[in-house]
4 protein chains.
Amino acid sequence: MSFEEKIRVTFAGQRLLALMGAQLTRVAAGAVDIALPFREDLGQQSGSLHAGAIASIADTACGLAALTLMDAASDVVSVEFKVNFLAPPVDSRCLAHGPVLRAGRSITFCEGEVLADDENVVATITATMKQKRLRGTGHR
Amino acid sequence: MSFEEKIRVTFAGQRLLALMGAQLTRVAAGAVDIALPFREDLGQQSGSLHAGAIASIADTACGLAALTLMDAASDVVSVEFKVNFLAPPVDSRCLAHGPVLRAGRSITFCEGEVLADDENVVATITATMKQKRLRGTGHR
Amino acid sequence: MSFEEKIRVTFAGQRLLALMGAQLTRVAAGAVDIALPFREDLGQQSGSLHAGAIASIADTACGLAALTLMDAASDVVSVEFKVNFLAPPVDSRCLAHGPVLRAGRSITFCEGEVLADDENVVATITATMKQKRLRGTGHR
Amino acid sequence: MSFEEKIRVTFAGQRLLALMGAQLTRVAAGAVDIALPFREDLGQQSGSLHAGAIASIADTACGLAALTLMDAASDVVSVEFKVNFLAPPVDSRCLAHGPVLRAGRSITFCEGEVLADDENVVATITATMKQKRLRGTGHR
């Protein structure tokens with residue numbers, strides 16, 4: 001399986017993102033983009049996109065970006081991430097990308113951002129991802 | 001409106017949390033609990049709860065805990081949060097609480113955690129929340 | 001006093017940085033650079049630069065960058081920062097820069113990095129800075 | 001070498017902390033305390049303790065706490081930490097402690113705080129530490 005296929009299969013397995021209506025829009029070595037069209041049922045009390053939805057796509061973009069650089073028998077888990085919120089997106093399509101800044105043997109560090117309408121930075125993320133060996137005879 | 005009522009109204013306005021099936025289980029001055037029963041459609045690729053779902057309830061518990069200590073004409077926005085993931089929860093009911101550690105004039109700092117099945121710490125959060133003045137004639 | 005002068009005076013008042021031998025090497029609107037030549041007495045147990053020294057110059061570069069955009073009657077305090085360490089610098093001159101990504105009324109968000117020998121990224125920082133009104137008759 | 005001795009030797013090798021006048025005041029399995037008496041040359045522009053000095057002792061308390069639980073042939077490095085600053089300490093003796101919240105095979109997570117005069121929380125830290133295998137024939 002190519003890494004592009006592996007990312008698509010992994011993304012398809014992330015059912016929370018399907019629930020939110022998120023879409024995988026780009027897969028490259030060390031960089032993955034995820035889009036989230038605005039929906040009212042993703043909002044917080046004032047109607048703008050909930051911080052948790054922003055964090056969800058940002059974390060996933062980072063995790064999948066890290067996974068593109070790991071060998072085929074690996075999965076990825078989030079060790080930690082921090083999100084800073086610069087402006088609340090209202091009624092915008094958000095795009096998260098989380099390029100890898102440094103890939104180590106077990107730990108990969110990503111630094112990304114979430115844009116609203118391909119323009120304004122609404123949030124930034126820094127994330128530490130860890131390689132997890134898949135068990136069993138085959139690769140996933 | 002009492003602060004308890006205000007928190008219930010605010011929580012009810014967070015449509016992302018309704019989408020996830022999260023429940024407000026406790027409201028006290030400076031402390032709010034949010035429960036999230038496990039559902040398969042909140043999972044990530046390996047079937048355990050997605051980091052984004054954990055972050056969503058942890059952020060909300062912190063934000064609402066901060067809001068309990070603000071005056072009636074205030075709303076709350078997330079400035080930033082960081083989540084560390086200690087263990088992936090599978091098939092567990094998660095409970096987030098995010099007590100206020102320090103409430104300043106405009107900035108409130110919360111430090112909380114997410115427990116699985118009322119026992120294991122699966123994640124910790126530190127969050128900075130900001131007071132936002134509500135405009136208009138009435139309080140929300 | 002121009003903002004450049006204000007930054008130089010403020011930096012000169014940061015005695016910890018003098019103790020470490022740090023130098024202010026660039027001041028521009030929204031961006032400040034601080035250099036730290038390697039010294040053995042700034043090390044940790046393995047001899048490379050202590051994470052605390054890296055954090056000190058990164059935090060200061062962010063704080064002063066934020067201060068360049070505040071009015072003359074302001075000081076700046078760190079609300080929070082997070083540092084990710086990518087590689088331990090040994091025997092290198094480190095350079096921290098922490099450009100402002102978003103300046104709000106009271107809160108400024110910076111995202112910077114620390115380079116070793118003007119080349120390798122050894123650490124990244126994301127920082128939230130807060131404006132503090134100076135009291136008294138004059139500006140500092 | 002007992003783990004207590006190992007921590008004392010490691011602390012003694014952290015020359016930055018000697019430069020600041022920090023003291024190792026407690027070593028237990030999974031918990032280390034570091035004290036920092038106030039000195040004017042550790043200050044920032046307003047005279048209170050520099051955020052970098054606070055971060056330095058907090059990071060070290062976490063790193064050494066993690067090291068107490070690692071085997072004898074290990075050293076520890078900081079992967080990342082985040083510090084939130086609650087109140088600026090002026091003219092106080094600060095005490096950092098950073099107990100281990102979860103020790104994994106390679107990654108250890110600590111959550112600690114810095115107290116001023118054994119009373120007020122002036123800062124909190126969450127830190128990810130990584131085990132590093134020592135090379136060579138002997139343990140350090």
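Residues numbered from 1 in each chain as written. Chains lettered and ligands numbered in written order. Predicted model: local features only at pLDDT ≥ 70, side-chain atom pairs only at ≥ 80, totals over all residues. Heavy atoms only, no water.

## Details of the packing of helix α3 (residues 51–68) of chain A against helix α3 (residues 51–68) of chain B
The N-to-C vectors of α3(A) and α3(B) enclose an angle of 150 degrees; their axes lie 8 Å apart at closest approach. Classed by the angle they form, the pair α3(A) and α3(B) counts as roughly antiparallel. Both α3(A) and α3(B) take part in a crossing whose hand is right-handed. The segment α3(A) lies against α3(B), with A:Ala51, A:Gly52, A:Ala53, A:Ser56 and A:Asp59 engaging B:Ala51, B:Gly52, B:Ala53, B:Ser56 and B:Asp59. (Axes fitted to C-alpha atoms, helices over the stretch in contact; angles between N-to-C directions. Helix = DSSP H or I, 4+ residues; strand = E, 2+ residues; numbered from the N terminus. Parallel < 35°, antiparallel > 145°, perpendicular 65-115°, else oblique. Left-handed = near helix turned anticlockwise from the far one by under 90°. Contact = heavy atoms within 4.5 Å.)

## As for the pairing of strand β3 (residues 74–85) of chain D
Extensive coverage of β3(D) is indicated by the burial of eleven of its twelve residues. Across five bridges, the pairing between strand β3 (residues 74–85) of chain C and β3(D) is antiparallel. Within β3(D), the residue paired with C:Phe81 across the bridge is D:Val83. Two strands pair when backbone bridges link them, and β3(D) and strand β7 (residues 120–133) of chain D are joined in this way by eleven bridges, in the antiparallel orientation. Bridge pairing in β7(D) places D:Asn84 opposite D:Thr124. (Buried < 20%, exposed > 50% of the residue type's maximum accessible area, 1.4 Å probe, protein only. Pairing = 2+ DSSP bridges.)

## A look at the interface of chain A and chain D
With six residues of chain A at the contact, the number on the chain D side is six residues. Taken together, both faces of the contact between chain A and chain D bury some 450 Å²; the carbon and sulfur share is 74%. Across the contact surface, chain A and chain D share zero salt bridges. Our enumeration of links across chain A and chain D arrives at zero residue pairs in polar contact (both at pLDDT 80 or more). Mapped onto the side of chain A that touches chain D, the elements with two or more residues apiece are β3 (74–85) and β7 (120–133) of chain A. Ranked by residues supplied to the side of chain A that touches chain D, first place goes to β3(A) with three residues. Taken together, the residues that form the side of chain A that touches chain D break down as two nonpolar, one polar and three charged. (Buried area = accessible area lost by both parts, 1.4 Å probe. Salt bridge = Lys/Arg side-chain N within 4 Å of Asp/Glu carboxyl O. Polar contact = N/O pair within 3.5 Å; in protein donor to acceptor, adjacent residues only side chain to side chain. Nonpolar A, V, L, I, M, F, W, Y, C, P; charged D, E, K, R; others polar.)

## Some remarks on the relation of the copies chain A and chain D
Screw-axis analysis of chain A against chain D gives a translation of 0.0 Å along the axis, an RMSD of 0.0 Å, and a rotation angle of 180 degrees. Look at the turn and shift together and you get a two-fold axis relating the two. (Least-squares fit on C-alpha atoms with pLDDT ≥ 70 in both.)

## Quick word on the relation of the copies chain A and chain B
Mapping chain A onto chain B leaves a residual RMSD of 0.0 Å; the transformation is a rotation of 180 degrees accompanied by 0.0 Å of translation along its axis. Of the residues that chain A buries at the interface, 100% are likewise interface residues in chain B, meaning the two copies contact each other through the same surface.

## Quick word on the packing of aromatic side chains
One pass over the full model with this rule turns up four aromatic pairs over all chains. Aromatic side chains A:Phe81 and B:Phe85 sit 5.5 Å apart centroid to centroid with 45 degrees between the ring planes, which places their arrangement in the tilted category. With one member in each of two chains, A:Phe81 in strand β3 and B:Phe85 in strand β3 (residues 74–85) form a pair that bridges those chains. Each member of the pair, A:Phe81 as well as B:Phe85, carries the same accessibility label: buried. (Phe/Tyr/Trp six-rings, centres within 6.5 Å; stacked < 30°, edge-to-face > 60°.)

## Observations concerning the environment of C:Arg26
Residues and elements named next belong to chain C. Checked against the element boundaries, arginine 26 lands in strand β1 (residues 23–28). Judged by its relative accessible area of 37%, arginine 26 is partly exposed. Residues arginine 26 and valine 77 lie 51 residues apart in sequence; the distance between their C-alpha atoms is 20 Å.

## A word on the pattern of salt bridges
Should the charged atoms of two oppositely charged side chains come close, the side chains can pair. With the rule as written, the count across this model stands at 24 salt bridges over all chains. For A:Asp33, the salt bridge goes to A:Arg26, with nearest N and O atoms at 3.3 Å. Judged by its relative accessible area of 10%, A:Asp33 is buried. A salt bridge links C:Asp71 to C:Arg133; the shortest N-O distance between them is 3.2 Å.

Function cannot be read off these values alone, since they describe shape.
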